[in-house]
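Here are the chains, one letter per residue:
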Amino acid sequence: VNDASSDASVEIIGQSFKEELIHPSKHSFNYQLLQNKRASNSPKKDAITTAIHQVASEWILTTDADCVLPENWLVSLDDFIQYKQPQMVVGPVNYEVNNTFFEHFQLFDFLSLQGSTIGGFGIKKPFLCNGANLAYKKSSFLNLNGFKGNTAIASGDDVFLLEKFINDNPNDVCFLKGQEAIVRTQPVSTFNALLHQRMRWAAKTSAYNLKFPKLVGSVVFLTNLVMVLSCFATFLGLKYMLFYAIILLFKCVVDWFLLTKSIRFFQHQRYVKSYILSSFIYPFFTVFILFNTILCSYEWKERTFKQ
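Calculation notes
- Residues numbered from 1 in each chain as written.
- Predicted model: local features only at pLDDT ≥ 70, side-chain atom pairs only at ≥ 80, totals over all residues.
- Heavy atoms only, no water.
- Helix = DSSP H or I, 4+ residues; strand = E, 2+ residues; numbered from the N terminus.
- Rg over C-alpha atoms; globule rule 2.2 N^0.38 Å.
- Buried < 20%, exposed > 50% of the residue type's maximum accessible area, 1.4 Å probe, protein only.
- Contact = heavy atoms within 4.5 Å.
- Areas by Shrake-Rupley, 256 points an atom, 1.4 Å probe, with all protein chains shown as cover.
- Lys, Arg positive; Asp, Glu negative; His and termini not counted.
- Charge placed at Lys NZ, Arg CZ, Asp CG, Glu CD.
- Phe/Tyr/Trp six-rings, centres within 6.5 Å; stacked < 30°, edge-to-face > 60°.
- Axes fitted to C-alpha atoms, helices over the stretch in contact; angles between N-to-C directions.
- Parallel < 35°, antiparallel > 145°, perpendicular 65-115°, else oblique.
- Nonpolar A, V, L, I, M, F, W, Y, C, P; charged D, E, K, R; others polar.
- Pairing = 2+ DSSP bridges.
- Salt bridge = Lys/Arg side-chain N within 4 Å of Asp/Glu carboxyl O.
- Core = buried A, V, L, I, M, F, W, Y, C linked by side-chain atoms within 4.5 Å.

Asker: Please give an account of the overall build of the chain that cites residues and values.
Answerer: A count of helices and strands for the chain gives 10 helices and 8 strands. The C-alpha radius of gyration computed for the chain amounts to 21 Å, which stays within 12% of the reference 19 Å derived for 307 residues, consistent with globular compactness. Taken over the C-alpha atoms alone, the chain extends approximately 75 × 40 × 35 Å along its principal axes. Looking at the 307 residues of the chain, the share that counts as buried comes to 46%. Considering only residue pairs separated by 6 or more positions, the chain has 76% of its internal contacts joining residues 24 or more positions apart. For the chain, the accessible area works out to roughly 17,300 Å², and carbon and sulfur atoms hold 60% of it. Computed over 29 positive and 24 negative side-chain charges, the inter-centroid distance for the chain is 9 Å.

And the structure:
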């Protein structure tokens with residue numbers, strides 16, 4: 001679906017399939033290029049809806065343009081679907097990073113989200129997913145009226161749909177935890193891009209309907225706010241320095257305990273050297289993102305949105 005693309009996507013797709021016609025492979029398939037039918041404040045949701053109404057298959061699989069899919073992605077999804085018989089499957093997403101602290105910082109932030117995603121399913125309270133690795137039944141999407149009810153928010157084509165599936169039947173939503181199902185993507189390259197990306201993610205939280213993710217989000221924000229205020233309070237005297245040191249150490253230990261499983265699963269043990277500095281910066285970053293989300297607009301794919 002061409003959603004006002006400003007790059008060479010259309011030409012690249014056309015050339016790729018032209019070569020496929022000349023040198024067909026056993027995996028050849030047909031494609032159709034559609035123009036997005038805008039109907040809301042969310043271009044991506046409009047694009048997905050436009051496509052789904054043209055899809056003949058039973059299952060819808062979504063990923064992002066900047067993702068690399070594992071060779072057996074479809075096979076692992078199919079095996080899991082045949083075994084579990086779900087209505088929605090949430091899959092793992094991993095960052096590919098270089099040896100820079102800026103990327104390591106994004107990695108730990110992203111791993112915390114992936115860990116929360118897997119942990120939510122583990123305690124039977126799923127509340128996160130990522131559209132870079134998501135699958136759901138077309139019939140269920142249509143029965144639940146798709147994205148209706150949350151089209152005023154630009155992003156959230158993944159988590160708001162997850163909420164609908166959970167409200168309908170939480171047992172029909174499953175997480176596929178397997179190495180062959182991991183979709184890989186890359187962190188952003190500039191702080192400005194990171195700022196707008198995280199503002200976009202944060203803008204969704206106020207529209208959550210489930211109580212558990214609101215509770216988790218509130219606890220995370222308040223914890224980080226206390227960390228920031230405690231850090232500034234160190235200028236008032238030694239006892240405040242001691243208090244800050246204690247809660248910083250406590251938070252690092254707790255966070256490390258929660259992150260360890262994610263680090264092992266996604267095989268990022270070699271980047272742990274950046275963890276301490278990331279832990280120190282993260283509270284300031286989180287509070288900064290939230291206030292920016294409330295007060296400012298963010299950009300996404302050359303468009304400007306407000307919470």
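Asker: Lay out the packing of aromatic side chains in plain terms, naming residues and giving numbers.
Answerer: Working definition: an aromatic ring pair is given by the centre-to-centre distance plus the angle between the planes. The final tally for this structure, using the stated rule, is 17 aromatic pairs. With a centroid separation of 5.2 Å and 90 degrees between ring planes, the pair formed by F105 and F285 is classed as edge-to-face. One end of the pair, F105, is in helix α4 (residues 101–122); the other, F285, is in helix α10 (residues 275–295), and 180 residues separate them in sequence. In this structure F105 comes out as buried when scored by relative accessible area, which is 7%. F285 gets classed as buried once you look at its relative accessible area, which sits at 8%. The interplanar angle of 75 degrees and the centroid separation of 5.2 Å between the aromatic rings of F141 and F147 together place this pair among those described as edge-to-face. Here F141 matches F147 in class, with each residue buried. Taken together, F101, F105, Y282 and F285 form an aromatic cluster joined through their ring pairs.

Asker: Lay out the packing of α4 against α10 with the relevant residues and their values.
Answerer: Two elements in contact, α4 and α10, have axes separated by 10 Å at closest approach and are oriented at 70 degrees. Between α4 and α10, the crossing angle belongs to the class labelled roughly perpendicular. Of α10, the residues touching α4 (which contributes F101, F105, F108 and D109) are Y275, L277, S278, I281, Y282 and F285. In terms of residue class, the contact of α4 with α10 is made up of 8 nonpolar, 1 polar and 1 charged.

Asker: A description of the sheet that holds strand β4 (residues 134–137) should follow, citing residues and the corresponding values.
Answerer: Spatially, the 4 strands line up as an open sheet ordered β1-β4-β2-β5, and their pairing is mixed. Both outer strands of the open sheet, β1 (59–62) and β5 (173–175), are each paired with one neighbouring strand and no more. Geometrically, the sheet is characterised by an average inter-axis angle of 15 degrees between neighbouring strands, direction not taken into account. The sheet contact formed by strand β2 (residues 88–90) and β5 spans 3 bridges and is parallel.

Asker: Can you lay out the environment of F160 for me, pointing to particular residues and giving the numbers?
Answerer: Along the chain, the position of F160 falls in helix α6 (residues 159–168). Distance in space between the C-alpha atoms of F160 and K84 is 22 Å, their sequence separation being 76 residues. Those residues in contact with F160 that lie beyond four places of it in its chain are K45, N150, I153, S155, K204, A207 and Y208.

Asker: So what about the pattern of salt bridges? Which residues, and what values?
Answerer: Summed over all chains, the structure comprises 8 salt bridges. Between D46 and R38 there is a salt bridge, with its nearest N and O atoms 3.0 Å apart. Taking relative accessible area as the criterion, R38 reaches 43% and is therefore assigned partly exposed. The shortest N-O distance in the salt bridge between D64 and K44 comes to 3.4 Å. Note that D64 is positioned in the loop between β1 and α3 (73–84) and K44 in helix α2 (residues 43–52), a separation of 20 residues in sequence. A relative accessible area of 27% places D64 in the partly exposed class. By relative accessible area, K44 is classed as partly exposed at 24%. Connected via shared salt-bridge partners are K44, D64 and D157.

Asker: Provide a residue-level description of the nonpolar core, including the pertinent values.
Answerer: Formed by 59 residues in total, the largest nonpolar core has its most connected members in M88, V89, V90, Y136 and V173. Per-element tally for this core: the top contributor is helix α9 (residues 238–265), with 7 residues. Excluding residues that lie within four positions of it along the chain, M88 makes contacts with W59, L134, A135, Y136, L161, L162, F165, D172, V173 and C174. Formed by 13 residues, the second largest nonpolar core is a distinct cluster that contains A154, I289, Y298 and F305.

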